Amino acid sequence: MNNFQAFSEAQELFPGGVNSPVRAFKSVGAAPPFIDRGEGGYIYDVEGKRYIDFVQSWGPLIAGHAHPKVIRAVSEAAKKGLSFGAPTLLETALAKKILEFYPFLEKLRFVSTGTEAVMTALRLARGVTGRDDILKFKGCYHGHSDCLLVEAGSGAATFGAPSSPGVPSDFAKHTLLCDYNDLAGAEAVFAKNGGKIACVVIEPIAGNMGFVPADREFLKGLRNLCDQHGSLLIFDEVMSGFRAGKMGACGIYAEITPDIVTFGKVIGGGMPAAALGGGAALMDALSPAGKIYQAGTLSGNPIAMAAGLATLEIIGSQADFYDILTARAETLMNGFAEAARSAGVALQTDFCGSMFGFFFTDKKARNFQDALASDTARFAKFHNEMLKRGVYLAPSQFETGFISIATTDDMIAETILAAKEAFKAVK
Ligand SMILES: *Cc1c(COP(=O)(O)O)cnc(C)c1O
């Protein structure tokens, strides 16, 4: 079966042929390759074509595809049974490992998806403050739960449906919005609604409107606003956690401590696991210690815990893990910048740890509006050119790219060579 046949068949079975929108490659006007397998830095489609993978399942696979240690851990756990719905030592082990990386957190709750993690974080913030409103930022994506699917970036941006039909306006009205990196805007919102805001939720390093890191002063300002008004600060590190660096964005902006951090992606190592964490007293407001209800049949699933634990052990076993990833991300982005310049194509590049991003525009993107100014038609062409040359990039201008430890220097060099030709082709 070839990719085209596979996609045609899938379109009969799934809305748009996929089970998560951006996979459909709609915004790059192509049919998606169907993936057969992955190995290290590569994926292979059903036609046997090999690609250097910079998507990595949208972030989780920081150890690369099918890392032997992860596969071994998962196989061993699977032999003992797939799920118990009862406490296991693997949950304890992964929780301890996460807290080694994020020592300011005291307790965690495991869930299965990032969506659930942020949804629960909001319920917790609302429950403990007794307030209904939340403040989020345009272009930040926090999963697809109702009150967060407002100006949500990423797939939502790509499909021109920033807020979705089916989200009751009664829910959406509790979601206050500001521009990313606009402290004055946030101050104005607090001045008007201060006593009603349960929490501020933010991607401290945004990866869902393309790659757009927050200004340090902006995050500091948000921390101050939350303190002044009795609101909680939630850092959504579902993507940036264990990606931007050893302590994610919390390490990059070390002087700013959020009240709740959400995790996903890397902590499941490619299996469904996510979490929220915070101080013990705050977290104990969740059931059954406290009154704020949350539950999950597969929460803390042993196979997912095993995959996450093995992945974090791989990270922890190499002191220069993030230095290696950062150096490769830097080489890649410098290579893109230089190739674009010599082709006469306007391009902005940026990176942090294992995350990178580039926009087809001549002005640095600091918020969603800037990101939207990027030339998406040119991006689509570039994406096609790269795919032809065996480089698998996220099929949208509003996504972040990822380096894994299995993405070798040779793969980076090959990608830069491909980009040189691709930039010329899209000029
Ligand atoms: C991916 C992501 C989510 C949602 O996680 P899912 O596992 O897809 O539900 C939430 N927040 C951020 C920042 C993300 O990148």
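Here the structure is a predicted model, which means the values were calculated and not measured.

Peer 1: Would you mind showing me how to read helix α11 (residues 302–316) here?
Peer 2: Think of an α-helix as 3.6 residues a turn; residues three or four steps apart then line up on the same face. With 15 residues, α11 should reach 21 Å at 1.5 Å per residue; the first-to-last C-alpha distance of 20 Å fits that figure. Burial runs high along α11: 13 of the 15 residues are buried. A distance of 3.0 Å separates the backbone nitrogen of I303 from a side-chain oxygen at the start of α11, and that oxygen is part of N301.

Peer 1: Just to check I follow, could you spell out the packing of helix α14 (residues 376–388) against helix α15 (residues 409–426) for this structure?
Peer 2: Pairs of packed helices are described in terms of their axes, by the angle between the two and the distance that separates them. The N-to-C vectors of α14 and α15 enclose an angle of 135°; their axes lie 9 Å apart at closest approach. Here α14 lies oblique to α15, going by the angle between them. For the pair α14 and α15, the crossing hand works out as right-handed. Taking contact as the criterion, the partners of R378, K381, F382, E385 and M386 in α14 are, on α15, T415, A418, A419, A422, F423, A425 and V426. Across the contact of α14 with α15, the residue classes break down as 8 nonpolar, 1 polar and 3 charged.

Peer 1: Any chance you could explain the sheet that holds strand β4 (residues 107–111) here in plain terms?
Peer 2: In a beta sheet, neighbouring strands pair by backbone hydrogen bonds and run either parallel or antiparallel. In spatial order, the strands read β4-β12-β11-β10-β7-β5-β6; together these 7 strands make up an open sheet with mixed pairing. Bordering the open sheet on either side are β4 and β6 (175–178), each of which pairs with just one other strand. Geometrically, the sheet is characterised by an average inter-axis angle of 20° between neighbouring strands, direction not taken into account. Strand direction decides the pairing type here: strand β5 (residues 133–137) and β6, joined by 4 bridges, are parallel. Within the sheet, the bridge partner assigned to L135 lies in β6 and is L176. Across the sheet, helix α7 (residues 183–193) lies against β5, β6 and β7 (197–202), angled at about 150° from β6, the strand it touches most.

Peer 1: Sorry, what's going on with the site of the ligand here?
Peer 2: Surveying the vicinity of the ligand reveals the residues T113, G114, T115, Y141, H142, G143, E203, N208, D236, V238, M239 and K265. D236 places a polar side-chain atom, nitrogen or oxygen, 2.7 Å from a nitrogen atom of the ligand. Considered on its own, the ligand offers 380 Å² of accessible surface; in the complex 83% of this is hidden by protein. Here the residues of the shell around the ligand sort into 3 nonpolar, 6 polar and 3 charged.

Peer 1: What is the right way to look at the sheet that holds strand β15 (residues 391–392) in this model?
Peer 2: Sheet architecture is open: 4 strands sit in the order β1-β2-β3-β15, paired in mixed fashion. Of all strands in the sheet, those bounded by a partner on one side alone are β1 (35–39) and β15.

Peer 1: What exactly am I supposed to notice about the domain arrangement of the protein here?
Peer 2: Size of an interface, as often reported, equals the accessible area lost when the parts are brought together. As far as domains go, the protein holds domain 1 (3–66 + 319–426) and domain 2 (68–316). Its C-alpha centre places domain 1 at a distance of 25 Å from the equivalent point of domain 2. Facing the 35 residues of domain 1 at the interface are 38 residues of domain 2. Interface area, domain 1 with domain 2, both sides summed: about 3,000 Å², of which 66% is carbon and sulfur. Together, Y322, R366 and F368 form the three largest contributors to the area buried by domain 1 at its contact with domain 2, with a combined 22%. Applying the counting rule to domain 1 against domain 2 returns 1 salt bridge. Between D215 and R366 there is a salt bridge, and its shortest N-O distance comes to 2.1 Å. Taken together, domain 1 and domain 2 are joined by 9 residue pairs in polar contact (both at pLDDT 80 or more). Among the elements of the structure, α12 (321–343), β13 (348–352), β14 (355–359) and α13 (368–372) are those that each provide at least two residues to the side of domain 1 that touches domain 2.

Peer 1: Help me understand the pairing of β1, please; the structure alone is not making it clear to me.
Peer 2: On any regular strand, side chains alternate: one points to one face of the sheet, the next to the other face. As paired elements, β1 and strand β2 (residues 42–45) share 4 bridges and run antiparallel to each other. Paired with I35 across the strands is D45, a residue of β2. What sits between the antiparallel neighbours β1 and β2 is a turn of 2 residues, in which G40 has the positive phi angle 60°.

Criteria and thresholds
Residues numbered from 1 in each chain as written. Predicted model: local features only at pLDDT ≥ 70, side-chain atom pairs only at ≥ 80, totals over all residues. Heavy atoms only, no water. Helix = DSSP H or I, 4+ residues; strand = E, 2+ residues; numbered from the N terminus. Expected span 1.5 Å × (residues − 1). Buried < 20%, exposed > 50% of the residue type's maximum accessible area, 1.4 Å probe, protein only. Polar contact = N/O pair within 3.5 Å; in protein donor to acceptor, adjacent residues only side chain to side chain. Axes fitted to C-alpha atoms, helices over the stretch in contact; angles between N-to-C directions. Parallel < 35°, antiparallel > 145°, perpendicular 65-115°, else oblique. Left-handed = near helix turned anticlockwise from the far one by under 90°. Contact = heavy atoms within 4.5 Å. Nonpolar A, V, L, I, M, F, W, Y, C, P; charged D, E, K, R; others polar. Pairing = 2+ DSSP bridges. Near = heavy atom within 4 Å. Areas by Shrake-Rupley, 256 points an atom, 1.4 Å probe, with all protein chains shown as cover. Domains from an automatic or database assignment. Buried area = accessible area lost by both parts, 1.4 Å probe. Salt bridge = Lys/Arg side-chain N within 4 Å of Asp/Glu carboxyl O.

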